[in-house]
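Below, each chain spelled out in residue letters.
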Amino acid sequence: MDESYDVCVCGTGLKECILSGLLSVAGMKVLHLDRNGYYGGESASLSLSQLYEKFRPGSAPSETLGASRDWNVDLVPKFMMANGLLVKVLVHTEVTRYLEFKAVDGSYVLQKGKVHKVPANDMEALRSGLMGLFEKRRMRNYLLYVMDYNEKDPKTWKGMDLTRMPMSELYKYWGVAEDTIDFLGHAVALHSSDNYLAQPALATVKKTKLYYESVVRFEETNSPYIYPLYGLGELPQAFARLSAVYGGTYMLNQPGMTVAYDASGKACGVTSEGSTAACKFVVGDPSYFAPEKTRVSHKVVRAICFMNHPIPNTGDSHSVQIIMPQRQTGRKSDMYVFCCSYAHNVASKGKFIAFVCATVETDDPVAELRPALALLGPVEEQFFDISEVREPVNDPSADGCFITKGYDATTHFESTVVDCLELYKKITGKELDLTEKELTQQ
Amino acid sequence: MEGTIVNKKLVLLGDMGAGKSSLVQRFVKGNFEDYQESTIGAAFLTKTMPELGLKLEIWDTAGQERYHSLAPMYYRGAAAAVIVYDVTSPESFARAKSWVRELMRQGNQDLVMALAGNKADLAAGGDGSERKVSAEESQAYADENGLLFLETSAKTAQNVNELFTALAKKMPRAPPPQQQAANTVQLGGNASAQGRKRASGCC
Ligand SMILES: Nc1nc2c(ncn2[C@@H]2O[C@H](COP(=O)(O)OP(=O)(O)OP(=O)(O)O)[C@@H](O)[C@H]2O)c(=O)[nH]1
Ligand SMILES: [Mg+2]
């Protein structure tokens, strides 16, 4: 280990693995370490025995749950947008070859206490119980405008300047009703609170386009989401492999590892079991750095529930998402439900896993999840996890520490990848060019 | 026979420098380099064996085995494993045995395993004094554990094709169960051709 590297990466969470892969491809000599004996850190998918070790040390899983290794339980549940940034990075780096994905069956939204499918196309919109006939027509007109909108072609703007016009005004222009706005803003544009209404409309128009472009990215899909077989923990492993293929060295199982600093307080290596690997800078998740280099931005509460059935009222789907817009539950931010099953090789035969997650708003986070848990039906086993989401407050140019943010409650990976791309730019001074490969493919 | 090519994943394991990458290089590209760099870059090779209706996806360790840090993904879905040691290195033979144990722990019943005693050319030349692991000992170990066994040389090509062909013949033909899973989507490659078909139809 007493060698020198360009960079030591601490923690094998998805963000650290993406960065490790990208930096290795860029020609840097990378040493990647983790205190745990498994890949994925905070964003791992755990086997049953690993899960019990984490949440119920000393107790064994019930026999009815089947073999431990049949389970790959995500610690941070999210789905991937089929046309989103993560897919772009996967395609760009050809990491896709290590993974297999399934389309998520459906995306649902809570309205007035009932679960509705978010219409994926015209036919579903017509049949949808989300709104009346006239409202359907107004929504359709709004969506046609959005899909036709082109930032570079003023003809498509219909005289409106979306860089200034608040989103609430754009909805008003098309006469879209409040309940429709609720599902368009939260379950289609995927905003996690209503704060977006006062902001310029352009961002929401782009997010709405991303949603529908993702729905049509693959044939046979009825939602904008995809999910990897064997769970999200496959993603960090796949990027770690990319890094290794480009010469990255991997050392798991380093419980005592610490970042080493020089006299000026600049990170200069990583020490573990008495030896030190020298490097020019360090990348890592907040848990590997002194607490004063980061701060708690918010807390997230998550429930993991094992079930013997799909979530009721979701068409017996093996994979779904349910978005509960803040207004529907009287909260300040949305709550999310995810479900996947043995069909994704994440649970033993016949079992389903439902996840609920939300940003913590009160002193009793677990109680906050009640309205979501009520949608699930009987649950065989459940685990709760409350975690602090930390974000860096240090100056990497001074201390050589490039620290990733924790994983937020959002339903997909857009913010995850944005964080990686921003750090990549800070480290290399260059933007990652994602357009090149995409172009050669078409 | 059209359309009957099945993809199978084959993984390599073994000590650093035992010759994993050289064996793959010899098998896939038909050449050998005296100063093969420790694996970088090309750790994902494929070889089609039309006569057997197979396309092998060959995974090389990419150095992740150095500190025992291979990811579960590496073994996942593998139909075959080649465990390589160097006949001039007893340490590499001991390591090979520990890889065999590790693979057996993974509990994949359908996995076909082969033990390759590589660098046989070093043991064959002159008085063979460089040999440190006897073929008899390895054969006995392989028989005990139900492994195929061959001594190979990536340098002279001895037994290299034989090794991969013997493995390929032993692999179960049916696609692994998870590949029958419905509605999997393929990213990359033909993804953009697949998509955009319904590009007009949102709400
Ligand atoms: N004489 C001889 N040398 C070989 C043979 N196979 C490999 N070598 C040499 O052994 C060295 C290591 O070979 P590699 O193929 O890189 O070994 P590896 O197992 O892939 O090593 P890592 O990638 O570092 O884990 C190279 O210098 C090769 O030229 C062989 O059959 N005979
Ligand atoms: Mg190699």
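Parameters and conventions
- Residues numbered from 1 in each chain as written.
- Chains lettered and ligands numbered in written order.
- Predicted model: local features only at pLDDT ≥ 70, side-chain atom pairs only at ≥ 80, totals over all residues.
- Heavy atoms only, no water.
- Helix = DSSP H or I, 4+ residues; strand = E, 2+ residues; numbered from the N terminus.
- Buried < 20%, exposed > 50% of the residue type's maximum accessible area, 1.4 Å probe, protein only.
- Contact = heavy atoms within 4.5 Å.
- Pairing = 2+ DSSP bridges.
- Axes fitted to C-alpha atoms, helices over the stretch in contact; angles between N-to-C directions.
- Core = buried A, V, L, I, M, F, W, Y, C linked by side-chain atoms within 4.5 Å.

Undergrad: Outline the overall build of chain B, supporting the account with residue identities and numerical values.
TA: When helices and strands are tallied, chain B shows seven helices and seven strands. Start at the N end of chain B and walk to the C end: the helices and strands fall as β-α-β-β-α-β-α-β-α-α-β-α-β-α. When burial is assessed residue by residue, chain B has 48% of its 203 residues classed as buried. Contacts in chain B between residues at least 24 apart in sequence constitute 73% of all its contacts with a sequence separation of at least 6.

Undergrad: For the sheet that holds strand E13 (residues 275-278) of chain A, give the residues involved together with the corresponding values.
TA: Residue and element names in this part refer to chain A. Taking strand neighbours across the sheet as the criterion, the three strands line up as E11-E12-E13 in an open arrangement whose pairing is antiparallel. Two strands lie at the open edges of the sheet, namely strand E11 (258-261) and E13, each paired on one side alone. Here the strands of the sheet are splayed against their neighbours by 35° on average, with no regard to which way each runs. As paired strands, strand E12 (residues 267-272) and E13 are joined by four bridges and run antiparallel to one another. Counterpart to Thr-271 in the pairing with E13 is Thr-276.

Undergrad: How would you explain the nonpolar core if you had to name every residue and give the values?
TA: Nonpolar side chains in soluble globular proteins generally cluster together in the buried interior. In terms of nonpolar packing, the biggest core is built from 169 residues, with A:Leu90, A:Tyr142, A:Leu162, A:Leu170, A:Phe239 and A:Phe306 touching the most fellow members. For A:Leu90, the residues in contact, after removing those within four places along its chain, are A:Met80, A:Val95, A:Thr96, A:Leu99, A:Phe101, A:Leu235, A:Phe239 and B:Leu187. Listed in part, the 24 residues of the second largest apolar core include A:Val301, A:Ala303, A:Met335 and A:Cys339.

Undergrad: Quick rundown of the sheet that holds strand E15 (residues 294-307) of chain A? Include the residues and the values.
TA: Residue and element names in this part refer to chain A. Ordered by their spatial adjacency, seven strands build an open sheet running E8-E7-E16-E17-E18-E15-E19, and the pairing between neighbours is mixed. Strands with a single pairing partner mark the edges of an open sheet, and in this sheet they are strand E8 (114-117) and strand E19 (381-392). Going from strand to strand, the sheet's axes swing by 20° on average, the running direction of each strand aside. The pairing of E15 with E19 spans twelve bridges and is classified as antiparallel. Within the sheet, the bridge partner assigned to Val-296 lies in E19 and is Arg-390. In this fold helix H2 (residues 48-55) packs onto E15 and E19, with an angle of close to 70° to the strand it touches most, E19. Against the sheet, helix H7 (residues 178-188) engages strand E7 (106-111) and strand E16 (320-324), with an angle of about 140° to E7.

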